[in-house]
Amino acid sequence: MTGNDIRYLFEPRCVAVIGASSDPKKIGYIIIDNIISSGYEGPVHPVNPKGGQILDRKVHTSISDIDGPVDLATITVPAQFVMDAVKDCARKGVKYISIITSGFSEIGNHEEEQALVHVARENGMHILGPNIFGIYSAKAKMNATFGPKGIMPGHVSIVTQSGALGIAMIGKTKSERIGLSSIVSMGNKCDVDEAEVLDYLIEDDDTKVILMYIEGIKDGEAFVHKLKEATKIKPIVVLKSGRSKRGAMAAASHTGSLAGADEVFSDVMRQCGVLRAESIQDALNWCKYLANSVPPKGNNCIIVTNGGGIGVLAADACEKYGVDLSDDIETMKATFADVVPCFGSVKNPVDITGGASLQDYESSLDVAIDNDNIDSIICLGCETATIASGSLDETIRRVYSRGKVEKPMVFSFFGGSEIEGNCEKLRSDGIPIYTDVYEAVSCLGALYNTWKHSSRKGNGTEDPGVDLVCVNKVIDEVLADGRNFLLAHEAKLVMDAAGIAMPKSFIAADLKQTIEAAEAIGYPVVMKIVSKDIVHKSDAGGVALDLQSRHEVMDAYEAIMHSCRRYAPKAKIEGVEVVEMVRMDVETIVGARIDPSFGPVVMFGLGGIYVEVMKDVSFRSYPIDRSEAMKMVSDIRSYPLLLGVRGEGKKDICKVLDCILKVGHLIKNVPTITDIEINPLVVYEEGDGARALDARILVSPKKEVSS
Ligand code: ACO
């Protein structure tokens with residue numbers, strides 16, 4: 001192990017408990033008791049100035065009295081004594097400290113918490129917590145928590161920010177027969193955070209699945225990086241609370257207001273290949289299934305059912321959870337012709353009919369298990385007299401134990417108390433059987449999502465071709481002018497430097513120049529007010545569209561000046577921008593911002609004036625490669641519009657991807673840009689490109705989040 005190795009936390013060679021107590025009701029007693037009774041094989045040292053004995057262990061009056069090094073010290077003294085205990089640990093050369101005590105940043109006591117971090121860092125120590133219930137590690141046979149005893153060792157690791165939920169999970173996982181490889185309470189995360197814990201769990205052979213309960217993220221960029229690395233190796237399931245819209249309300253742009261914390265979180269998790277569960281039950285079901293199933297070898301899933309209705313429900317669930325049903329009719333016929341009655345169906349879902357006996361199930365499942373063109377199996381049943389008369393329990397056990405080594409399988413049987421009892425018994429013995437077909441399919445979906453993500457190959461980052469020197473020069477001038485937003489012509493300079501096509505335009509200071517500009521561009525043209533004091537141009541009556549002639553230009557010029565002076569009498573008007581009127585096509589929005597949690601984030605969606613009503617957008621943490629940008633584009637509900645509808649040709653998606661990568665490059669590499677929004681980005685048919693009709697760019701001398 002190296003000096004800062006996180007293994008000292010999970011596999012300490014020696015532990016101490018500062019605040020150990022002989023009172024069995026106190027946390028300082030319960031933790032010692034738990035460590036000893038979980039079978040920890042290293043030395044356990046209680047520390048309490050009173051001395052004496054606790055559970056036959058000598059109590060040291062100070063941690064410095066302990067012979068030999070201490071890797072992990074758990075602190076269970078009241079908050080006002082924690083600093084002294086941390087300093088004692090520093091003198092002793094402790095590696096990791098687990099601070100159970102509450103009363104720090106969670107109640108606003110940030111200073112004291114930071115002071116603890118300071119002492120720890122100065123002395124090469126690391127702090128888990130404070131405000132936690134502790135850590136359990138199956139590898140170390142160490143339950144250093146004040147949760148229940150008798151944790152079942154296994155292959156799921158839980159990392160939780162909620163203490164109460166985490167403690168409850170210890171009990172719940174046991175009753176669901178889910179074995180744990182570790183459980184870590186994160187609490188206030190003053191020092192050790194999820195990314196560091198993942199460092200250990202990625203490497204830990206005992207951990208097959210990681211379940212995280214998250215309330216907030218501190219260093220989102222590092223976390224995303226770690227998640228991407230981790231999900232290539234093992235599945236991660238996340239439960240997150242707090243679907244708050246607070247961040248969005250304070251935001252200064254569409255990109256901001258569309259980027260509700262929860263939407264960004266969901267999309268970024270998907271980007272990282274993390275499975276986000278909506279409920280605790282889903283999370284536990286998935287973890288158990290992922291820890292026990294073999295991975296699929298391919299996409300071809302089949303459904304075997306005795307009822308058409310439940311088969312259709314399962315097919316719907318497959319679509320929802322991303323399970324691909326095989327439509328290889330030849331394989332289906334060849335496999336099932338001999339075992340399905342002629343009045344059944346050998347098409348997927350395979351209907352072995354309501355009269356099917358358990359023997360019929362067994363025959364159909366056997367041939368499906370043996371066929372290499374079938375990669376996974378969903379077996380469904382509705383209660384019938386023929387099923388009830390046999391031993392469902394035995395049949396499922398037999399089929400599952402044969403099939404589970406070959407390919408992923410899930411079962412769902414629906415009916416009365418007898419069927420339910422059977423399902424419960426089988427499930428408690430580790431067989432993935434559910435009374436709700438959606439629950440069964442969601443487990444298989446979780447497995448497929450993980451498998452598809454881990455086998456996905458990116459196509460590498462590319463240089464999106466942005467002249468950053470030119471961009472920085474434009475922005476330096478804006479900042480020197482004391483503004484935090486770019487005027488239209490400045491935004492156009494940035495777009496030009498990024499190679500994002502905008503319509504031809506000129507700034508005109510008076511009516512004469514306006515007419516000259518319109519004639520140089522060619523009719524029709526658009527006219528927009530130019531004023532540092534008018535940000536929302538349409539609201540001020542500062543925009544005129546589709547001007548077809550010199551006369552219309554003259555009238556529009558007067559109308560714009562009149563309305564803007566009424567709207568903002570003190571505004572300094574610099575002139576108008578005369579812009580080529582481009583033909584319209586599919587209107588999209590491309591944006592980028594510095595997200596409070598994840599740092600640089602890019603957005604793509606359906607654009608135009610209804611963007612906030614439709615909220616048809618997707619987000620990604622930047623950097624992304626072209627294939628991820630493509631996934632982002634195809635994620636939105638309106639994606640078919642880009643494929644062309646009602647005889648239209650396919651749109652120039654390639655140019656959309658270019659644009660996303662370019663705005664991402666800008667937000668990541670120009671330290672002064674906080675928000676970029678292109679709306680609309682009009683996308684024409686393939687080969688005709690895309691045009692940014694409006695670009696809003698917000699800047700700040702020091703990059704800071706915009707919500
Ligand atoms: N060194 C060693 N031992 C000390 C020291 C010291 N410097 N100072 C005091 N002690 C001893 C005390 O004498 C006492 O031992 P005793 O029973 O022999 O007298 C022991 O440390 C504990 O001190 P108490 O004052 O009795 O404190 P108590 O056990 O009541 O509470 C605790 C301490 C548990 C840390 C409390 O302050 C606290 O923070 N509770 C909340 C914990 C929590 O909920 N954490 C979040 C978990 S997650 C969730 O939400 C479920």
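Up top is the structure these notes are about.
Residues numbered from 1 in each chain as written. Predicted model: local features only at pLDDT ≥ 70, side-chain atom pairs only at ≥ 80, totals over all residues. Heavy atoms only, no water.

(A) Just the overall build of the protein, in detail. Each helix and strand in the protein was counted, giving 26 helices and 29 strands. C-alpha atoms of the protein, sized along the principal axes, occupy 95 × 80 × 40 Å. Looking at the protein residue by residue over its 707 residues, the buried ones come to 55%. Considering only intrachain contacts with a sequence separation of at least 6, the fraction spanning at least 24 residues in the protein is 72%. Put simply, the protein shows about 29,300 Å² of open surface, and 51% of that area lies on carbon and sulfur atoms. Put simply, the protein has 76 plus and 97 minus side-chain charges, and the middle of one group is 3 Å from the middle of the other. (Helix = DSSP H or I, 4+ residues; strand = E, 2+ residues; numbered from the N terminus. Buried < 20%, exposed > 50% of the residue type's maximum accessible area, 1.4 Å probe, protein only. Contact = heavy atoms within 4.5 Å. Areas by Shrake-Rupley, 256 points an atom, 1.4 Å probe, with all protein chains shown as cover. Lys, Arg positive; Asp, Glu negative; His and termini not counted. Charge placed at Lys NZ, Arg CZ, Asp CG, Glu CD.)

(B) Representation of the packing of aromatic side chains. Under the defined criterion, the tally for this structure stands at 6 aromatic pairs. Taking the centre distance of 4.0 Å and the plane angle of 5° together, the rings of Phe-10 and Tyr-200 count as stacked. Remark: Tyr-200 occurs in helix α6 (residues 194–203) and Phe-10 occurs in helix α1 (residues 7–10); sequence separation between them is 190 residues. Their ring planes at 80° and their centres at 5.9 Å tell us that Tyr-448 and Trp-451 sit as a pair that is edge-to-face. Of this pair, Tyr-448 and Trp-451 are both found in helix α18 (residues 437–455), 3 residues apart, which corresponds to roughly one turn of the helix. Residue Trp-451 is classed as partly exposed on the basis of its relative accessible area, which comes to 21%. (Phe/Tyr/Trp six-rings, centres within 6.5 Å; stacked < 30°, edge-to-face > 60°.)

(C) Just the environment of His-225, in detail. Mapped onto the secondary structure, His-225 falls in helix α7 (residues 220–231). Along the chain, His-225 and Ser-22 lie 203 residues apart, while their C-alpha atoms are 45 Å from each other.

(D) Expanded view of the environment of Ile-515. Assignment of secondary structure puts Ile-515 in helix α21 (residues 511–521). What makes Ile-515 buried here is its relative accessible area of 11%. Placed 38 residues apart in sequence, Ile-515 and Val-553 show a C-alpha to C-alpha distance of 6.8 Å.

(E) Representation of the environment of Lys-228 in the model. Structurally, the position occupied by Lys-228 is in helix α7. Separated by 134 residues in sequence, Lys-228 and Val-94 place their C-alpha atoms 32 Å apart. Other than its neighbours up to four places away in sequence, Lys-228 contacts Gln-271, Cys-272 and Pro-623.

(F) Seen up close, the site of the ligand. In the vicinity of the ligand there are 24 residues, among which Ser-21, Lys-26, Lys-50, Ile-100 and Ser-102 approach most closely. One of the backbone nitrogen or oxygen atoms of Ser-102 is found 2.8 Å away from an oxygen atom of the ligand. Expressed as a share of its isolated accessible area of 1,000 Å², the protein-covered part of the ligand is 70%. A breakdown of the residues in the shell around the ligand according to their chemical character gives 14 nonpolar, 8 polar and 2 charged. (Near = heavy atom within 4 Å. Polar contact = N/O pair within 3.5 Å; in protein donor to acceptor, adjacent residues only side chain to side chain. Nonpolar A, V, L, I, M, F, W, Y, C, P; charged D, E, K, R; others polar.)

(G) Examining a nonpolar patch on the surface more closely. A contiguous nonpolar patch, built from Ile-609, Tyr-610, Val-613 and Met-614 and spanning about 490 Å² of accessible area, is present on the exposed surface. The topology assignment puts Tyr-610 in the loop between β25 (599–606) and α23 (611–614). A residue is classified by how much of its surface remains accessible, and Tyr-610, at 55% relative accessible area, is exposed. (Patch = residues over 30% accessible without salt bridge, like charges linked within 9 Å, V, L, I, M, F, W, Y side chains within 5 Å. Salt bridge = Lys/Arg side-chain N within 4 Å of Asp/Glu carboxyl O.)

(H) Representation of the sheet that holds strand β1 (residues 15–18) in the model. With respect to topology, 5 strands assemble into an open sheet ordered β2-β1-β5-β6-β7, the strand pairing being parallel. Here the strands that pair on one side only, and so sit at the sheet edges, are β2 (44–47) and β7 (126–128). Strand-to-strand twist in this sheet, taken as the mean axis angle between neighbours without regard to direction, amounts to 20°. Sheet analysis places β1 next to strand β5 (residues 72–75), joined by 4 bridges and oriented parallel. Note that in β5 the partner of Ala-16 across the bridge is Ala-73. Along the sheet, helix α2 (residues 27–37) contacts β1, β2 and β5; its crossing angle with β1, the most-contacted strand, is approximately 165°. (Pairing = 2+ DSSP bridges. Axes fitted to C-alpha atoms, helices over the stretch in contact; angles between N-to-C directions.)

(I) Representation of the state of the cysteines. Applying the stated criterion across every chain, the model contains 0 disulfides. Not part of a disulfide, Cys-287 finds its nearest cysteine sulfur in Cys-443, a span of 9.8 Å. (Disulfide = S-S within 2.5 Å.)

(J) The arrangement of the sheet that holds strand β22 (residues 543–547) in detail. Pairing within the open sheet is antiparallel, and its 4 strands lie in the order β20-β23-β21-β22. Among the strands making up the open sheet, the edge pair consists of β20 (505–508) and β22. On average, each strand axis in the sheet is inclined to that of its neighbour by 20°, with strand direction left out of account. Two strands pair when backbone bridges link them, and β20 and strand β23 (residues 573–580) are joined in this way by 4 bridges, in the antiparallel orientation. What sits directly across from Ala-508, in β23, is Val-576.

(K) Spatial organisation of the pairing of strand β29 (residues 695–699). Of all 5 residues that make up β29, 4 are buried, and the element is covered over most of its length. Here strand β27 (residues 673–683) runs beside β29; their pairing, made up of 5 bridges, is antiparallel. The residue of β29 that forms the bridge with Asp-675 is Leu-698.

(L) How the structure looks around the side chain of Thr-145. By the element assignment, Thr-145 lies in strand β9 (residues 142–145). Residue Thr-145 is classed as buried on the basis of its relative accessible area of 0%. Within the structure, Thr-145 has its side chain in polar contact with the side chain of Asn-143 (distance 2.6 Å). A distance of 2.9 Å separates a polar atom in the side chain of Thr-145 from the backbone nitrogen of Gly-147.

(M) Focus on a negative patch on the surface. A contiguous patch of negative charge on the surface is contributed by Asp-546, Glu-552, Asp-555 and Glu-558. Position of Glu-552 relative to the elements: it lies in helix α22 (residues 550–567). Judged by relative accessible area, which is 34%, Glu-552 ranks as partly exposed.

(N) Representation of the packing of helix α11 (residues 280–292) against α18. In the contact formed by α11 and α18, the axes pass within 9 Å of each other and the chain directions differ by 60°. Classed by the angle they form, the pair α11 and α18 counts as oblique. In this structure, α11 crosses over α18, and the sense of that crossing is right-handed. Two secondary-structure elements touch here, α11 through Gln-281, Asp-282, Asn-285, Trp-286, Tyr-289 and Leu-290 and α18 through Glu-439, Ser-442, Cys-443, Leu-444, Ala-446, Leu-447 and Thr-450. A class-by-class count of the residues in the contact of α11 with α18 yields 7 nonpolar, 4 polar and 2 charged. (Parallel < 35°, antiparallel > 145°, perpendicular 65-115°, else oblique. Left-handed = near helix turned anticlockwise from the far one by under 90°.)

(O) Fine view of α21. Taken as a whole, α21 has its buried residues at Thr-514, Ile-515, Ala-517, Ala-518 and Ile-521. End-on view of α21: buried residues confined to an arc of 160°, all on one side of the axis. In α21, the exposed positions angled more than 90 degrees off the buried face are occupied by Lys-512 and Ala-520. Of the surrounding elements, those touching the buried residues of α21 are β20, β21 (525–531), α22 and β23. Between a side-chain oxygen at the N-terminus of α21 and the backbone nitrogen of Lys-512 the separation is 3.3 Å; the capping residue is Asp-510. (Arc of directions from axis to C-beta.)

(P) Seen up close, the pattern of salt bridges. Applying the stated rule across the entire model yields 44 salt bridges. Of the charged contacts in the structure, one is a salt bridge between Lys-532 and Asp-481, with a shortest N-O distance of 3.0 Å. Of this pair, Lys-532 sits in the loop between β21 and β22 while Asp-481 sits in the loop between α19 (468–480) and α20 (488–498), placing them 51 residues apart in sequence. In this structure, Lys-651 and Glu-685 form a salt bridge, with 3.9 Å as the shortest nitrogen-oxygen distance. One end of the pair, Lys-651, is in the loop between α25 (639–643) and α26 (653–669); the other, Glu-685, is in the loop between β27 and β28 (690–692), with 34 residues separating them in the sequence. For Lys-651, a relative accessible area of 1% corresponds to the buried category. Take Glu-685: its relative accessible area is 31%, and that puts it in the partly exposed class. Overlapping salt bridges bring together Asp-267, Arg-270, Arg-456, Arg-620, Glu-628 and Asp-635 as one network.

Everything listed here is a matter of geometry and, on its own, says nothing about what the molecule does.
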